[in-house]
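What the coordinates show
Each chain, written out:
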Amino acid sequence: MTVSALPRINVVGLGKLGAPLAAVLASRGFSVIGLDVNRTFVDALNAGKMPIIEPQLNELIAANRERLSATMDANEAVQKSDASFVIVPTPSNKDTGFFSNSYVLQAMATLGKALRAKKGYHLVVITSTVMPGSTEGEIKQALEAAAGRTVGPDLGLCYNPEFIALGSVVRDMLYPDSILVGQADQKAGDMLETIYRQMCVKNPPVQRMNLVSAELTKISVNTYVTTKISYANMLADICDRLPGADVDAVTKALGADTRIGGKYLKGAMGYGGPCFPRDNVAFAALARKIGARADVAEATDRINNHQIERLSSLVAKFAKAGTRIALLGLSYKPQTPVVEESHSVKLAAKLADAGYIVSVHDPLAQDAAIGVLGDKVVSASSLEGAVRECDLLIVATGWPEYKEVDPAWCKRNGQRLTVLDLWRTLPADKFADVADVLYLGSGR
Ligand SMILES: NC(=O)c1ccc[n+]([C@@H]2O[C@H](COP(=O)([O-])OP(=O)(O)OC[C@H]3O[C@@H](n4cnc5c(N)ncnc54)[C@H](O)[C@@H]3O)[C@@H](O)[C@H]2O)c1
């Protein structure tokens, strides 16, 4: 397909996922218009630089500005595009565990109204994570009511979630393992597959199915991955109590079995972030609602919630309340400033509440974490200062920067500093003279 024949794309919602999608599509030759209700994001994209911290995002925007623009006007966005990707928030309801479609429904109302003034085919793609049954149900209904036409030959509808991790969104979009296309009909699915064949650098397999199967697949993937994480943490807990057992040796051997695989199989901390915890809870809530059992998802959640207790009990074995602890790493994973559901932040709060003096550091997430923790903790002014002034060091998020912690900072007048290196980030051998670097579940 020549670049001029490519469908023009409207990305609705220019947030952590929408802005990278717009940039990636533009970098692969598509003409892209972004639509958002937030003027700051619209102005920022038009100025060529988004206030979102994500590797490669702003470089990609800067290099592809001639194919990228943004607007708050839905009519303009719809007129200048052939397909609209909707990536607006779907917040979780704390009581039910279900995702709310309220923002998606608002977007359907706006897009549908704009579509009344547009002739010809337009494809609407729901990329936000939604509860199974939503797209075929209230989302389609809202779109059809607002557009004054039904989904079919003139109006396409697909469900197409992204499988990305914050901190590597651009790379994950360019090189996905596979693409998931939930389609209302063949025509809509064909158009979406064509877009991905152009967007992805390699030719990933495209899994096509109906809307509800795709919705279930999305949350099933995250539920399965969280199960692996909790499984590894369960093993770490067992190894901590089984003299001589080493969780890294066990998970390495497990992961070598191709039926299992090594990814996300490391005994360390619990999972956090904006997706994993809530997707798992939503999956279990769905199963309960329809009378199915979700014992695995429920156990995964329970094990995850137990990790903070497990880690704080471990700290209590080495240090009394009043001890100065430096906790390095606050984001829920490296390469992102996001602290939503971060176990590092939860651990810092738990230790502070237990009476420890906790100083915290993070290359990107320090301000966001202090916003959550307030004056419970001390915000470290430098990495070196935090390490030099503590009696116990915890490396809680495995930022590569922490490999550079200088063993000289750990010298304590002949005393040995205890270091809990939760992700095995530090080069332990370099610390042999000054610190006892301990791993969870290492039997050490
Ligand atoms: N962030 C992730 O890691 C991730 C991963 C997979 C899936 N998701 C899903 O993607 C969706 C979006 O997540 P996000 O992290 O990008 O959210 P976000 O909050 O970072 O961005 C959402 C954007 O949508 C805009 N918006 C809200 N209502 C709008 C409307 N009616 N019209 C136009 N714009 C509107 C907001 O102003 C904001 O810029 C959610 O459903 C989320 O579950 C997120």
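Residues numbered from 1 in each chain as written. Predicted model: local features only at pLDDT ≥ 70, side-chain atom pairs only at ≥ 80, totals over all residues. Heavy atoms only, no water.

Turning our attention to the pairing of strand β10 (residues 357-361). Moving residue by residue along a regular strand, the side chains alternate between the two faces of the sheet. With respect to burial, β10 is a largely interior element, four of its five residues being buried. Inspection of the sheet shows strand β9 (residues 324-328) paired to β10 by five bridges, in the parallel sense. The residue bridging arginine 324 from the neighbouring strand is isoleucine 357, located in β10. Read as a crossover between parallel neighbours, the route from β9 over helix α13 (residues 343-353) to β10 is right-handed. Across two bridges, β10 lies against strand β11 (residues 378-379) in parallel orientation. The partner of serine 359 across the bridge, within β11, is valine 378. (Buried < 20%, exposed > 50% of the residue type's maximum accessible area, 1.4 Å probe, protein only. Helix = DSSP H or I, 4+ residues; strand = E, 2+ residues; numbered from the N terminus. Pairing = 2+ DSSP bridges. Right-handed = clockwise from strand over helix to strand, strands pointing away.)

This part takes up the sheet that holds strand β8 (residues 206-209). Within a sheet, adjacent strands bond to each other through the backbone by hydrogen bonds, running parallel or antiparallel. What the eight strands build is an open sheet, ordered β3-β2-β1-β4-β5-β6-β7-β8; its pairing is mixed. In this open sheet, the two edge strands, each paired with only one partner strand, are β3 (68-71) and β8. The average undirected angle you get between the axes of adjacent strands in this sheet is 25°. As paired strands, strand β1 (residues 9-12) and strand β2 (residues 32-35) are joined by four bridges and run parallel to one another. The residue bridging valine 11 from the neighbouring strand is glycine 34, located in β2. In this fold helix α6 (residues 135-147) packs onto β5 (122-126) and β6 (155-159), with an angle of close to 155° to the strand it touches most, β6. (Axes fitted to C-alpha atoms, helices over the stretch in contact; angles between N-to-C directions. Contact = heavy atoms within 4.5 Å.)

Surrounding the ligand, one finds 25 residues, the nearest of these being Lys16, Leu17, Asp36, Thr90 and Arg278. Here the ligand loses 88% of its free accessible area of 830 Å² to cover by the protein chains. Across the shell around the ligand, the residue classes break down as 15 nonpolar, six polar and four charged. (Near = heavy atom within 4 Å. Areas by Shrake-Rupley, 256 points an atom, 1.4 Å probe, with all protein chains shown as cover. Nonpolar A, V, L, I, M, F, W, Y, C, P; charged D, E, K, R; others polar.)

This brings us to the pairing of strand β12 (residues 392-395). Burial along β12 is two-sided: Leu392 and Ile394 and Leu393 and Val395, pointing in opposite directions, are all buried. The sheet contact formed by β12 and strand β13 (residues 417-421) spans four bridges and is parallel. Of the residues in β13, the one forming a bridge with valine 395 is aspartate 421.

Looking now at empty space enclosed by the protein. Under the criterion given, the structure shown has one cavity of 30 Å³ or more. Taken together, the residues of the lining of the largest cavity break down into six nonpolar, two polar and two charged. (1 Å grid on protein atoms, 1.4 Å probe; cavity = no way out; pocket = protein on both sides within 12 Å on 5 of 7 lines; lining within 4 Å. Points joined across faces, edges and corners; volume = space filled by probe spheres on them.)

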